[in-house]
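Residues per chain are reported as follows:
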Amino acid sequence: MSPMRHGRYLIEQLNTFNLAYLHFVEGATATSRVIPEGVDLDVLRKLFNGPFIGNNNYDLEMAIDRREAGLIDAVALGRLFISNPDLVERLRQGADVAIAPREAYYGGGAKGYIDWPKATN
Ligand SMILES: Cc1cc2nc3c(=O)[nH]c(=O)nc-3n(C[C@H](O)[C@H](O)[C@H](O)COP(=O)(O)O)c2cc1C
């Protein structure tokens, strides 16, 4: 079965459960938004009868653009929350965001993972 037929079938089955939302990691998690040729996640997303939460490599601009285009209903931000404990406020104020180095993510202890300062009040 092709990935699109597979995805279509899965989403049709999920629709029978009346779920609160559908959520994809669009691409390779925390790496790239490249997806295999012939797969269109935006097409699959529209088959779901409910809200869709997008994820993977979003920044505020892309989140707003894709929300306005009706491609997502909400966005899940991951890595930006590691290095920006006040992320929502920074985005609201248009402040710079800090980017955590990849080495800090997994198993390296607290340093560089949960010790990032706030930049906003
Ligand atoms: C340190 C770290 C831990 C993660 N743990 C999980 C997890 O437990 N379950 C999960 O579904 N995704 C996990 N993810 C993946 C994120 O949910 C998300 O898909 C990914 O970071 C891409 O989103 P982003 O570009 O906003 O960071 C993790 C990512 C990072 C960086």
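Residues numbered from 1 in each chain as written. Predicted model: local features only at pLDDT ≥ 70, side-chain atom pairs only at ≥ 80, totals over all residues.

**Side note on the overall build of the protein chain**
Quick reminder of the rule: Numbering of helices and strands starts at the N terminus; helices are DSSP runs of H or I of at least 4 residues and strands are runs of E of at least 2. To sort residues by burial, count the other C-beta atoms lying within 10 Å of each one's C-beta; a count of 20 or more means buried, 12 or fewer means exposed, and anything in between means partly exposed. C-beta atoms are built from the backbone. Each residue gets a C-beta atom placed from its backbone, and two residues are in contact if those atoms lie within 7 Å.
Along the protein chain, the regular secondary structure elements total five helices and three strands. Sequence-ordered secondary structure for the protein chain, helices as α and strands as β, is α-β-α-β-α-β-α-α. If one aligns the C-alpha atoms of the protein chain with their principal axes, the spans along those axes are about 45 × 30 × 25 Å. When the 121 residues of the protein chain are sorted by exposure, 8% land in the buried category. Partitioning the contacts of the protein chain with sequence separation of at least 6, the portion at a separation of at least 24 is 54%.

**A word on the domain arrangement of the protein chain**
Quick note on the threshold: Domain borders in the structure are assigned automatically or taken from a domain database.
By the assigned domains, the protein chain splits into domain 1 (3–77) and domain 2 (79–121). Taking only C-alpha atoms into account, the centre of domain 1 sits 25 Å from that of domain 2.

**Description of the site of the ligand**
To be explicit about the condition: The criterion for a residue being near a molecule or strand is a backbone-placed C-beta atom within 6 Å of that molecule or strand. In the scheme used here, Gly and all other residues not listed as nonpolar or charged are polar, with Ala, Val, Leu, Ile, Met, Phe, Trp, Tyr, Cys and Pro taken as nonpolar and Asp, Glu, Lys and Arg as charged.
Near the ligand there are 13 residues, and of these Thr29, Ala30, Gly78, Arg79 and Tyr105 occur at the shortest range. Among the residues forming the shell around the ligand, the class breakdown is seven nonpolar, five polar and one charged. Two domains share the shell around the ligand, each providing at least three of its residues, namely domain 1 (3–77) and domain 2 (79–121).

**Quick look at the pairing of strand S2 (residues 52–55)**
Basically, it comes down to this: For two strands to be treated as a pair, DSSP must find no fewer than two bridges joining them. The handedness of a crossover follows from its direction of travel: if, with the strands pointing away from the viewer, the path from the first strand over the helix to the second runs clockwise, the crossover is right-handed.
Of the two faces of S2, the one holding Phe52 and Gly54 is buried and the one holding Ile53 and Asn55 is not buried anywhere. In this sheet, S2 lies alongside strand S1 (residues 22–23) in parallel orientation, the contact comprising two bridges. Within S2, the position partnered with Leu22 by the bridge is Phe52. In this region the chain leaves S1, passes through helix H2 (residues 41–46) and returns to the parallel neighbour S2; the handedness of that crossover is right-handed. As for the winding sense of the linkage, the β-α-β connection from S2 through helix H3 (residues 60–68) to strand S3 (residues 74–76) is right-handed.

**A short note on the sheet that holds S3**
Sheet architecture is open: three strands sit in the order S1-S2-S3, paired in parallel fashion. Taken across any chain shown, the strands that pair with only one partner, and hence form the sheet edges, are S1 and S3. In this sheet, S3 lies alongside S2 in parallel orientation, the contact comprising three bridges. Across the sheet, the residue bridging to Gly54 is Val75, located in S3.

**Considerations on unusual backbone geometry**
Despite not being glycine, Asn18 shows a phi value in the positive range, around 55°. Here Asn18 shows up in the loop between helix H1 (3–15) and S1. Judged by the 8 C-beta atoms lying within 10 Å of it, Asn18 falls in the exposed class.

**Notes on the environment of Leu19**
Relative to the helices and strands, Leu19 resides in the loop between H1 and S1. Separated by 56 residues in the primary sequence, Leu19 and Val75 have C-alpha atoms spaced 17 Å apart. Not counting residues within four places of it along the chain, the set of residues in contact with Leu19 comprises Leu14 and Gly50.

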